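Inside the fold
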4 protein chains.
Amino acid sequence: MAPVGADLPPPDRGSAPEAQYILTLSCANRPGIVAAVSTYLFESRCNILDANQYDDRETGRFFMRVVVNPVGEGVALDALKEGFAALAGRFAMEWSLRSRFERRRVLLLASKSDHCLADLVYRWRIGEIPMDIAGIVSNHSRETYAHLDLDGIPFHHLPVTRQTKMEQEARIWQIVQESRAELVVLARYMQVLSDGLAAKLAGRCINIHHSFLPGFKGAKPYHQAFERGVKLIGATAHYVTSDLDEGPIIEQDVERVSHHATPEDLVRKGRDIERRVLARAIAWHLEDRVLMNGKRTVVFAD
Amino acid sequence: MAPVGADLPPPDRGSAPEAQYILTLSCANRPGIVAAVSTYLFESRCNILDANQYDDRETGRFFMRVVVNPVGEGVALDALKEGFAALAGRFAMEWSLRSRFERRRVLLLASKSDHCLADLVYRWRIGEIPMDIAGIVSNHSRETYAHLDLDGIPFHHLPVTRQTKMEQEARIWQIVQESRAELVVLARYMQVLSDGLAAKLAGRCINIHHSFLPGFKGAKPYHQAFERGVKLIGATAHYVTSDLDEGPIIEQDVERVSHHATPEDLVRKGRDIERRVLARAIAWHLEDRVLMNGKRTVVFAD
Amino acid sequence: MAPVGADLPPPDRGSAPEAQYILTLSCANRPGIVAAVSTYLFESRCNILDANQYDDRETGRFFMRVVVNPVGEGVALDALKEGFAALAGRFAMEWSLRSRFERRRVLLLASKSDHCLADLVYRWRIGEIPMDIAGIVSNHSRETYAHLDLDGIPFHHLPVTRQTKMEQEARIWQIVQESRAELVVLARYMQVLSDGLAAKLAGRCINIHHSFLPGFKGAKPYHQAFERGVKLIGATAHYVTSDLDEGPIIEQDVERVSHHATPEDLVRKGRDIERRVLARAIAWHLEDRVLMNGKRTVVFAD
Amino acid sequence: MAPVGADLPPPDRGSAPEAQYILTLSCANRPGIVAAVSTYLFESRCNILDANQYDDRETGRFFMRVVVNPVGEGVALDALKEGFAALAGRFAMEWSLRSRFERRRVLLLASKSDHCLADLVYRWRIGEIPMDIAGIVSNHSRETYAHLDLDGIPFHHLPVTRQTKMEQEARIWQIVQESRAELVVLARYMQVLSDGLAAKLAGRCINIHHSFLPGFKGAKPYHQAFERGVKLIGATAHYVTSDLDEGPIIEQDVERVSHHATPEDLVRKGRDIERRVLARAIAWHLEDRVLMNGKRTVVFAD
């Protein structure tokens with residue numbers, strides 16, 4: 001059977017034409033960082049394809065993302081990392097260096113509204129978001145998504161009540177570990193994570209909140225937006241922290257609404273915004289474009 | 001089995017809490033039209049829920065859309081139409097009066113890229129777009145969309161070559177008639193309709209063109225956009241006419257792009273724009289919000 | 001001397017090609033309102049040029065705006081109002097009926113940052129916003145705006161301290177009355193109005209707040225936005241009420257920002273948003289496009 | 001007299017807290033460029049504050065912009081340039097290295113509609129756009145802008161007819177040279193430059209076209225947009241080339257319009273778009289954020 005989307009632009013998955021590595025780092029700013037990093041890469045026979053730097057002059061922190069391809073025989077990723085570790089130590093860097101085309105494993109959590117879930121599965125299928133879906137967890141049954149072809153993705157039905165919340169979360173954490181998920185996505189998952197789980201997933205759990213934060217935190221944000229009579233509604237993708245709806249923001253978008261819109265109309269229009277905001281945030285995270293900067297993010301967007 | 005989206009806001013399909021009728025009309029402007037129409041509606045025991053008028057001062061043409069609900073025992077739609085016909089004759093109106101909750105039949109045409117098709121099927125499934133999908137026609141086989149649950153929607157594989165184009169179109173026309181489709185949607189259908197078929201479908205065939213028209217007509221618009229170095233890309237939903245990419249525009253939207261974007265990136269970003277622009281245009285058409293005004297449209301948007 | 005902008009599209013001021021009246025009304029919804037209003041207008045030999053209705057199904061309130069021109073000899077505005085009063089009484093309407101081309105008087109209040117003030121004076125000068133500027137009040141001296149040609153607009157320097165606030169406000173109120181200002185605009189006026197003055201100006205005082213409300217109320221909103229790391233900044237034009245930054249919203253807009261932006265960059269980018277949001281809100285108010293609906297607004301935008 | 005905007009964020013003009021240099025370069029891509037550049041800067045005791053690279057994989061061309069501040073005693077700009085010249089030669093770079101806070105001289109050309117001119121003078125006055133206005137040229141008289149305080153900026157009234165066009169352009173070129181203008185801005189200057197003058201100003205002449213190019217080239221674009229019935233209108237800032245409205249695009253933006261909008265409404269709404277698009281393009285050019293890439297631009301936007 002011909003794969004869906006076979007005449008689409010070649011997805012990143014699989015058909016990589018060459019090795020590419022992504023290096024990200026942050027450290028206290030001081031002269032010589034870029035020179036040291038780029039000289040190391042050059043001497044390791046790596047060609048810089050794309051690079052971004054940002055110097056937060058307020059905090060004195062420096063952020064960098066570099067995409068390279070090894071030239072000629074190049075150098076193995078492991079050796080490259082080993083060599084870089086010494087340099088990184090000298091500057092006290094937080095850093096990451098990995099293959100651009102090695103897909104990461106993502107666990108999706110959803111509740112009854114499945115527009116984000118269905119959208120992510122679609123983008124995954126056509127190769128738009130380069131990830132492996134490690135599994136889907138829902139507090140609703142598989143039948144809730146009967147029309148969604150999960151194509152062999154493991155599905156975990158984990159119902160939850162006030163009484164069983166801790167057990168259910170323990171099970172989620174177990175699935176994260178067993179499925180080797182590197183990223184957890186709350187794709188309109190309508191349960192608040194406990195502080196404990198939020199802490200365990202720090203920096204690798206993305207939520208989509210259906211308002212333009214910091215406006216309308218908490219429950220039923222579209223109804224709050226209706227009551228306030230705003231003229232634009234929005235959605236916010238952010239990293240989950242123990243502080244509800246206060247995590248570092250990755251991406252936001254809005255659409256115009258008028259007085260005609262009922263709360264139900266806002267919910268409907270909002271689905272489009274939520275889908276694209278969440279998809280962008282996930283793609284940027286997976287391409288190592290998002291670096292944490294205290295309570296904010298540095299996003300080297302595409 | 002519980003239907004998907006059962007806890008979403010109640011879709012319009014099925015669960016209408018009351019009868020509602022939509023009246024649209026256009027005619028040469030002259031005093032007294034609104035008075036005559038609203039008095040007729042009032043005397044027919046219809047309450048106006050929403051209304052828009054527009055007087056094109058350049059052409060002297062008047063456009064109106066009214067949504068009413070019959071009060072008390074109200075009046076049957078047939079009787080209401082019969083009575084209105086006399087009034088309409090007096091003003092030489094083009095007009096339509098129909099039940100708001102009677103879903104219309106829509107035929108979807110697609111080619112290999114199925115992002116618009118999959119999106120429309122999803123919106124139909126959760127009741128967001130109130131329509132019956134009368135069928136799907138593709139020049140590719142059912143297997144191309146193997147992962148798409150068509151849920152019983154008739155699928156017609158109509159391959160086409162330069163030699164068989166006329167026969168294939170004849171078959172499409174036959175399907176339109178047999179399936180009683182009132183609207184035909186070219187959901188990234190990559191074949192140009194002949195003048196003959198375009199004429200037969202005048203005013204009820206919507207295409208999504210993947211550029212911000214009138215820029216980049218014809219083939220490979222994203223590649224054209226890349227060559228020109230534009231800073232925003234867009235999509236355009238329009239009625240199909242025999243003049244390629246020149247039909248009356250219903251809706252357009254854009255997104256910002258940078259010099260980083262390759263043509264493939266534009267194709268990827270464009271999919272999001274195409275999906276939402278086409279969905280809006282279809283929804284507005286089905287809610288009788290789009291009136292033809294020569295080569296332009298009047299859109300009483302929600 | 002040729003006026004600036006003489007080859008621009010003819011402004012509404014002065015050169016009205018015909019009489020036009022704007023009727024706005026709101027009342028409890030019930031059948032027959034549109035019929036009664038449009039029949040009255042027709043029988044008064046008024047032709048409907050543009051009309052909008054909105055039925056707030058939640059509150060049961062009905063809103064309408066109609067623009068008409070008298071046909072032939074037409075009818076005088078006073079007589080038209082007199083006749084309409086009886087009809088309005090029958091439906092317990094709040095209503096207004098006035099000449100579209102009679103410019104209203106607007107008092108502008110500003111502080112040191114003059115981007116909104118300079119922008120409004122410019123739009124007034126070229127006839128884009130059809131108003132008479134009744135005066136400018138500032139807590140800074142005329143010299144602060146030395147480069148701004150006020151063209152004879154009365155300028156009132158009213159410095160204010162914590163101790164003199166009430167006296168200063170009394171003076172503002174006196175100027176409002178003496179200058180017969182129908183609308184007061186806080187064009188980045190950085191003083192909070194007292195509850196008393198806010199109450200006196202209810203429904204006719206527009207403020208521009210430099211955030212996307214309800215996010216970042218109060219002082220230094222761009223600095224708040226920076227701290228929170230939002231990816232879009234905005235501005236909000238709203239009617240002033242005694243509840244700070246909580247008045248009915250008329251218009252909002254946003255622009256995208258990145259992690260590169262310092263608070264000063266946000267201030268700079270924000271100026272563009274503030275200018276256009278405030279100008280739109282004022283123009284819509286002056287064209288009677290904004291109707292109050294409790295804590296929200298109905299905006300029949302152009 | 002206190003300058004207007006004295007309590008605004010400190011403008012770049014004058015009050016630079018430190019020296020900063022901007023380096024831009026482009027050359028054929030090959031390994032080692034970033035290493036060579038950053039090592040040179042480091043060894044010259046320059047700290048990198050911001051940097052962007054872009055590798056056009058289609059053409060094999062590499063682009064870079066770096067902002068540095070000299071550390072400690074630093075190094076004089078002239079010495080830094082001298083040293084860099086050798087490195088640049090090795091890579092056959094096109095490059096520029098200059099002080100960030102040295103304001104460049106800009107000549108503004110305008111015609112009767114002065115919204116862009118007035119806007120640029122305002123932004124210059126409050127220090128938002130860091131430039132010296134070398135002069136204003138118009139084919140209309142100084143009286144046309146009677147209300148605009150030019151604050152000593154030289155004004156040149158150069159009327160033009162079909163017969164005198166070449167002489168008038170010769171005079172413009174003379175003014176460019178005498179005023180040492182590094183950038184020429186066509187701020188809604190409604191005369192088409194000859195091929196000769198366009199060639200002389202290649203890469204340093206920015207025009208604002210009042211449409212979303214490539215749609216609606218040539219005259220009266222808003223009227224063209226009206227005829228075509230587009231749902232968004234836009235403006236485009238681009239470098240002037242001998243090919244009318246085909247020069248490399250720097251920036252574009254759009255706003256939504258409806259069927260209600262007359263051509264005059266489009267002109268009015270367009271003014272806001274034109275102002276901000278042109279201002280952004282100029283600011284980016286003056287901050288060396290725009291690099292030419294054949295018929296396209298690389299814009300390292302802020």
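Residues numbered from 1 in each chain as written. Chains lettered and ligands numbered in written order. Predicted model: local features only at pLDDT ≥ 70, side-chain atom pairs only at ≥ 80, totals over all residues. Heavy atoms only, no water.

- Within an unreviewed UniProt entry, the label attached to chain A reads Formyltetrahydrofolate deformylase, and the organism entered is Pseudoxanthobacter soli DSM 19599.
- Under the UniProt heading Sequence similarities (unreviewed entry), the entry covering chain A gives this text: "Belongs to the PurU family." (UniProt positions renumbered as here; feature names shortened; annotations may be inferred.)

Observations concerning the interface of chain C and chain A
- In this assembly, 34 residues from chain C lie in contact with 34 residues from chain A.
- Taken together, the two surfaces of chain C and chain A that pack against each other cover about 3,000 Å², and 55% of this comes from carbon and sulfur.
- A per-residue breakdown of the area chain C buries against chain A is headed by R228, K231 and H259 of chain C, which together make up 25% of the total.
- At the boundary of chain C and chain A, one finds 4 salt bridges.
- Of all elements in the fold, only β2 (46-56), α6 (221-228), β11 (249-256) and β13 (296-299) of chain C reach the threshold of two or more residues within the side of chain C that touches chain A.
- It is β11 of chain C that contributes the most residues to the side of chain C that touches chain A, 7 residues altogether.
- Residues that form the side of chain C that touches chain A fall into these classes: 14 nonpolar, 8 polar and 12 charged. (Contact = heavy atoms within 4.5 Å. Buried area = accessible area lost by both parts, 1.4 Å probe. Salt bridge = Lys/Arg side-chain N within 4 Å of Asp/Glu carboxyl O. Helix = DSSP H or I, 4+ residues; strand = E, 2+ residues; numbered from the N terminus. Nonpolar A, V, L, I, M, F, W, Y, C, P; charged D, E, K, R; others polar.)

Details of the packing of helix α1 (residues 33-43) of chain A against helix α1 (residues 33-43) of chain D
- The interhelical angle for the contact between α1 of chain A and α1 of chain D, taken along N-to-C directions, is 145 degrees, at an axis separation of 8 Å. In this structure, α1 of chain A meets α1 of chain D at a crossing whose hand is left-handed. Between α1 of chain A and α1 of chain D, the residues in contact are V34, A35, S38, T39 and F42 of chain A and V34, A35, S38, T39 and F42 of chain D, respectively.
- Per-class residue counts for the contact of α1 of chain A with α1 of chain D are 6 nonpolar, 4 polar and no charged. (Axes fitted to C-alpha atoms, helices over the stretch in contact; angles between N-to-C directions. Left-handed = near helix turned anticlockwise from the far one by under 90°.)

Focus: the relation of the copies chain C and chain A
- Screw-axis analysis of chain C against chain A gives a translation of 0.0 Å along the axis, an RMSD of 0.0 Å, and a rotation angle of 180 degrees. Classification of the inter-copy transformation places it as that of a two-fold axis. When C-alpha distances to the rotation axis are compared across chain C, the minimum falls at G215 of chain C, with a value of 2.4 Å.
- With an isologous cut-off of 70% or more, the 100% of interface residues of chain C that recur at the interface of chain A puts this contact in the isologous class. (Least-squares fit on C-alpha atoms with pLDDT ≥ 70 in both.)

Remarks on the interface of chain B and chain D
- The interface is formed by 34 residues belonging to chain B together with 34 residues belonging to chain D.
- Buried area between chain B and chain D, both sides added, is near 3,000 Å², and the carbon and sulfur share of it is 55%.
- It is R228, K231 and H259 of chain B in chain B that bury the most area against chain D; as a group they hold 25% of the surface buried on that side.
- Inspection of the region where chain B meets chain D yields 4 salt bridges.
- With a shortest N-O distance of 3.1 Å, E251 of chain D and R256 of chain B are connected by a salt bridge.
- Viewed at the interface, chain D and chain B are joined by 18 residue pairs in polar contact (both at pLDDT 80 or more).
- Sorting the residues of the side of chain B that touches chain D by element identifies β2 (46-56), α6 (221-228), β11 (249-256) and β13 (296-299) of chain B as the ones contributing at least two each.
- If you tally residues by element for the side of chain B that touches chain D, the top one is β11 of chain B, at 7 residues.
- Among the residues forming the side of chain B that touches chain D, the class breakdown is 14 nonpolar, 8 polar and 12 charged. (Polar contact = N/O pair within 3.5 Å; in protein donor to acceptor, adjacent residues only side chain to side chain.)

Digging into the pairing of strand β10 (residues 232-239) of chain A
Residue and element names in this part refer to chain A.
- Extensive coverage of β10 is indicated by the burial of 8 of its 8 residues.
- Of the two faces of β10, the one holding L232, G234, T236 and H238 and the one holding I233, A235, A237 and Y239 are both buried throughout.
- Here strand β9 (residues 205-209) runs beside β10; their pairing, made up of 4 bridges, is antiparallel. When the bridges of β10 are listed, I206 appears paired with Y239. (Buried < 20%, exposed > 50% of the residue type's maximum accessible area, 1.4 Å probe, protein only. Pairing = 2+ DSSP bridges.)

Remarks on the packing of aromatic side chains
All names here are of chain D.
- Following the criterion strictly, the structure yields 18 aromatic pairs over all chains and no others.
- Ring geometry for Y145 and F155: centres 5.8 Å apart, planes at 55 degrees, overall tilted. Of this pair, Y145 sits in the loop between β6 (131-138) and β7 (155-157) while F155 sits in strand β7, placing them 10 residues apart in sequence.
- Classification of Y145 as buried rests on a relative accessible area of 1%.
- Residue class for F155 comes out partly exposed when judged on its relative accessible area of 21%. (Phe/Tyr/Trp six-rings, centres within 6.5 Å; stacked < 30°, edge-to-face > 60°.)

Brief notes about helix α3 (residues 115-125) of chain C
- A large share of α3 of chain C lies buried, amounting to 11 of its 11 residues.
- Inspection of α3 of chain C places H115, C116, L117, A118, D119, L120, V121, Y122, R123, W124 and R125 of chain C among the buried residues, and these make up the whole buried set.

Let's talk about the sheet that holds β2 of chain B
- Here we have 8 strands laid out as an open sheet, ordered β4(B)-β1(B)-β3(B)-β2(B)-β2(C)-β3(C)-β1(C)-β4(C), and antiparallel in their pairing. Single-partner strands in this sheet number two, and they are β4 (94-99) of chain B together with β4 (94-99) of chain C. Geometrically, the sheet is characterised by an average inter-axis angle of 15 degrees between neighbouring strands, direction not taken into account.
- Sheet topology note: the β2 of chain B/strand β3 (residues 61-70) of chain B ladder contains 10 bridges and is antiparallel.

Digging into the confidence of the model for chain A
Residue and element names in this part refer to chain A.
- On average, residues of chain A carry a pLDDT of 92, and 94% of them reach 70 or more.
- Confidence drops under pLDDT 50 across residues 1-16; counting only partners more than four residues distant or on other chains, this segment forms 28 contacts.
- What the predictor reports for the complex is a pTM of 0.94 with an ipTM of 0.91. (pLDDT = per-residue confidence, 0-100.)

Considering the sheet that holds strand β4 (residues 94-99) of chain A
- Ordered in space as β4(A)-β1(A)-β3(A)-β2(A)-β2(D)-β3(D)-β1(D)-β4(D), the 8 strands form an open sheet in which the pairing is antiparallel. In the strand order of this sheet, the two ends are held by β4 of chain A together with β4 (94-99) of chain D, each with one partner. Going across the sheet, the axis of each strand differs from the next one's by a mean of 15 degrees, ignoring polarity.
- Sheet contacts for helix α2 (residues 77-91) of chain A: β1 (21-28), β2 (46-56) and β4 of chain A; angle to β4 of chain A, the most-contacted strand, approximately 170 degrees.

Focus: the packing of helix α3 (residues 115-125) of chain B against helix α7 (residues 263-286) of chain B
All names here are of chain B.
- Packing of α3 against α7 brings their axes to within 9 Å, and their N-to-C directions diverge by 45 degrees. Here α7 runs oblique to α3, going by the angle between their axes. Like other packed secondary-structure pairs, α3 and α7 cross with a definite hand, here right-handed. Judged by residue contacts, H115, C116, D119, L120 and R123 of α3 engage R271, E274, R275, R276, L278, A279 and I282 from α7.
- Counted by class, the contact of α3 with α7 contains 5 nonpolar, 1 polar and 6 charged residues. (Parallel < 35°, antiparallel > 145°, perpendicular 65-115°, else oblique.)

What to know about the domain arrangement of chain A
Residue and element names in this part refer to chain A.
- Domains assigned within chain A are domain 1 (21-99) and domain 2 (104-299).
- Just the C-alpha atoms count here: the centres of domain 1 and domain 2 sit 31 Å apart.
- Across the boundary between the two partners, domain 1 contributes 11 residues, which contact 10 residues of domain 2.
- Both sides together, the interface formed by domain 1 and domain 2 hides about 850 Å², and carbon and sulfur atoms give 48% of it.
- Area buried by domain 1 at its contact with domain 2 is led by F63, R65 and R98, which between them contribute 55% of it.
- For the interface between domain 1 and domain 2, the tally reads 3 salt bridges.
- One salt bridge in this structure joins E58 and R296, with 3.5 Å as the shortest N-O distance.
- Run the count over domain 1 and domain 2 and you get 6 residue pairs in polar contact (both at pLDDT 80 or more).
- Looking at the side of domain 1 that touches domain 2, the elements that each hand over two or more residues are β1, β2 and β3 (61-70).
- Taken together, the residues of the side of domain 1 that touches domain 2 break down into 5 nonpolar, 2 polar and 4 charged. (Domains from an automatic or database assignment.)

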